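Fold and geometry: a report
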Amino acid sequence: MKYSKSATIIAALAMASTAGLALSQKQADASTIATITTKGPATLYDINGSPITNRALAPNTKWAVGTIFVANGNMAIYQVSTNEYLRSTEANLTGDYAYLQPKKTASTDKLVGKIINGNAQLYRDDTNAMSDRLLGNNSNWAIGKHYLNKNGDDFFQVSTHEYVNGKHLSLNHMPQDTTYSANFGIPGASVDTSTETTTSNNNNNNNDWSNIGTDNNSTVVNTNNNSNNNNVDTNTNTNTSTNTNTNTASYKPNLANINKYFVEYLNALHKANGTDPVNLDNDMMTYAQQRASQQDGGNLDHSTATRNLSENLSSAGFHYMSYVGIKSDKDAAYFLLKDWYDEDNNYYPMGQAGHFGHRAALIYSGPNVGLGITDGDAAFNANWHDLDQLNALYDYTGSNPNTKFISKDAI
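Note that the structure is predicted; figures quoted are calculated from it, not measured. (Residues numbered from 1 in each chain as written. Predicted model: local features only at pLDDT ≥ 70, side-chain atom pairs only at ≥ 80, totals over all residues. Heavy atoms only, no water.)

What follows deals with the sheet that holds strand 17 (residues 169–171). Pairing is antiparallel across the open sheet formed by three strands, whose spatial order is 13-10-17. Bordering the open sheet on either side are strand 13 (140–142) and strand 17, each of which pairs with just one other strand. Neighbouring strand axes in the sheet, compared pairwise and without regard to direction, differ in orientation by 30 degrees on average. (Pairing = 2+ DSSP bridges. Helix = DSSP H or I, 4+ residues; strand = E, 2+ residues; numbered from the N terminus. Axes fitted to C-alpha atoms, helices over the stretch in contact; angles between N-to-C directions.)

What follows is the structure, given as structure tokens:
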């Protein structure tokens, strides 16, 4: 597990050693907001944990969160600008990562999770594969063990051998126990239990499903005809079984094929915007794969590049794409193209130079391009082309530049 910069922040602000630190790191999306809860200004800290004396955040103000660092389930730091960090004890977190809001006081309540963001696919620890069942959106489940893997993904136990990814849960409080297991929740990877470390011994092991919801939407959804729902649902909530065929675990990405589709889409984008076509280049593909491998989730870094090329980076690697339902190489190619073009996750806000930088790199790329993807990250590299127009779009500070996108059926 990598500690480095994020562990330094946590350790400095928590005034604790990094020894035995169970650290989770997440790159928040646009919906993740920290609202200041202090009576007076909330203190900001730099990367070394030192207080910033010339700036503070006013009470009741809301701030977009970049990276979230959580340690041992009861301490978190929220990044609110490039080098400014806020303690979780001085804010409330809302959005897709609200479950990372640590408890402010010790809680003896049983840990409960509500399924959010659609039906949740389950991971089985006995087969090291995805389950053929889903948990229905808005259903509520008693939570047992909590695992954290090397990609920073959380998995929470809902039955003897089935776990749900934390992105699909809203928890009533932070878990007391965190077990670090590098490959847990990664289908096909070797899980070495000898490397597991647990921060406490309070795990509440579930021996069965425990659906504790109070609504009528608590469901377990089968994705084949052979599963049965024995021992499912311990109360009177409705329990349904349907053949949804939404299991995407069988999709095996082919990077070369994704590159082929990506270049076809990119050329369609170039045609729509009147720029020259590009070519898929093996050397560029190799370098892009190297650049994707150099990244570390939320810590995307252009400064480590060794070649003077145009570059887009993303933390939407294969694992993230699997959770948003990507089912084919063509889907993967279009997803990355659209993600960069839309600029929804650009560090620079609308109205500031750089906000349309990824879009500029796509439209004014070439003639040679390549795409690299790992489980955690993706990289697009290309020759510089038409720097004047690229810089004009990069420096644009309005909200609607004169560019055109393409539909998924453009190729």
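The structure having been displayed, the exposition proceeds.
The next subject is unusual backbone geometry. A cis geometry characterises the amide bond from Gly-366 onward to Pro-367, with omega recorded as 10 degrees. Residues other than glycine seldom take positive phi values, yet Asn-60 does so here, at roughly 70 degrees. With respect to the helices and strands, Asn-60 occurs in the loop between strand 4 (51–57) and strand 5 (62–64). Look at Asn-60 and you get exposed, because its relative accessible area is 63%. The phi torsion at Asn-138 lies on the positive side, around 75 degrees, for a residue other than glycine. Following the sequence through the fold, Asn-138 ends up in the loop between strand 12 (129–135) and strand 13. (Buried < 20%, exposed > 50% of the residue type's maximum accessible area, 1.4 Å probe, protein only.)

What follows concerns the pattern of salt bridges. Under the criterion given, the structure shown has eight salt bridges. The closest approach of N and O atoms between Arg-133 and Glu-162, which form a salt bridge, is 3.5 Å. Residue Arg-133 is located in strand 12, and its partner Glu-162 is located in strand 16 (residues 162–165); the two are separated by 29 residues in the primary sequence. Comparing Arg-133 with Glu-162, the two get one shared label, buried. Between Arg-291 and Glu-311 there is a salt bridge, with its nearest N and O atoms 2.7 Å apart. With Arg-291 in helix 3 (residues 282–294) and Glu-311 in strand 22 (residues 310–314), this pair connects stretches of sequence that are 20 residues apart. Each member of the pair, Arg-291 as well as Glu-311, is classed as buried. Where salt bridges share partners, they join Arg-124, Asp-126, Arg-133 and Glu-162 into one cluster. (Salt bridge = Lys/Arg side-chain N within 4 Å of Asp/Glu carboxyl O.)

What follows deals with the pairing of strand 23 (residues 365–373). For a regular strand, the rule is simple: side chains alternate between the two faces of the sheet. The buried count for strand 23 comes to seven of nine residues, which makes it a mostly enclosed element. Both strand 21 (residues 279–280) and strand 23 contribute to a ladder of two bridges, which runs parallel. Bridging across to strand 23, Leu-280 finds its partner in Val-369. Where strand 23 meets strand 24 (residues 378–384), six bridges bridge the pair, whose relative direction is antiparallel. The residue bridging Gly-372 from the neighbouring strand is Ala-379, located in strand 24. Following strand 23, the chain reverses through four residues before pairing antiparallel with strand 24.

With respect to topology, three strands assemble into an open sheet ordered 5-2-9, the strand pairing being antiparallel. Edge positions in the open sheet fall to strand 5 and strand 9 (91–94), since each of these has one partner strand only. On average, each strand axis in the sheet is inclined to that of its neighbour by 25 degrees, with strand direction left out of account. Judged from the three bridges that link them, strand 2 (residues 33–36) and strand 5 form a sheet pairing that is antiparallel. Its bridge partner being in strand 5, Thr-35 is matched across the sheet by Lys-62.

Here we take up the nonpolar core. Judged by nonpolar contacts, the single largest core of 35 residues is most densely connected at Phe-262, Leu-266, Leu-336, Leu-362 and Phe-380. Counting only elements with at least two residues in this core, the list comes to helix 2 (255–273), helix 4 (318–323), helix 5 (329–342), helix 6 (357–363), strand 23, strand 24 and helix 7 (387–394). With eight residues, helix 5 is the largest single contributor of residues to this core. The contact partners of Leu-362, leaving out residues within four places of it in the chain, are Phe-262, Leu-266, Leu-269, His-270, Asn-312, Leu-337, Trp-340, Tyr-341 and Phe-380. Core analysis: the second largest hydrophobic core is formed by 17 residues, Ile-36, Leu-44, Val-80 and Leu-86 among them. (Core = buried A, V, L, I, M, F, W, Y, C linked by side-chain atoms within 4.5 Å. Contact = heavy atoms within 4.5 Å.)

Relative to the helices and strands, Glu-84 is located in strand 8 (residues 84–87). Within the local environment of Glu-84, its side chain forms a polar contact with the side chain of Ser-81, the two groups lying 2.7 Å apart. (Polar contact = N/O pair within 3.5 Å; in protein donor to acceptor, adjacent residues only side chain to side chain.)

Function cannot be inferred from these measures alone, as they are strictly geometric.
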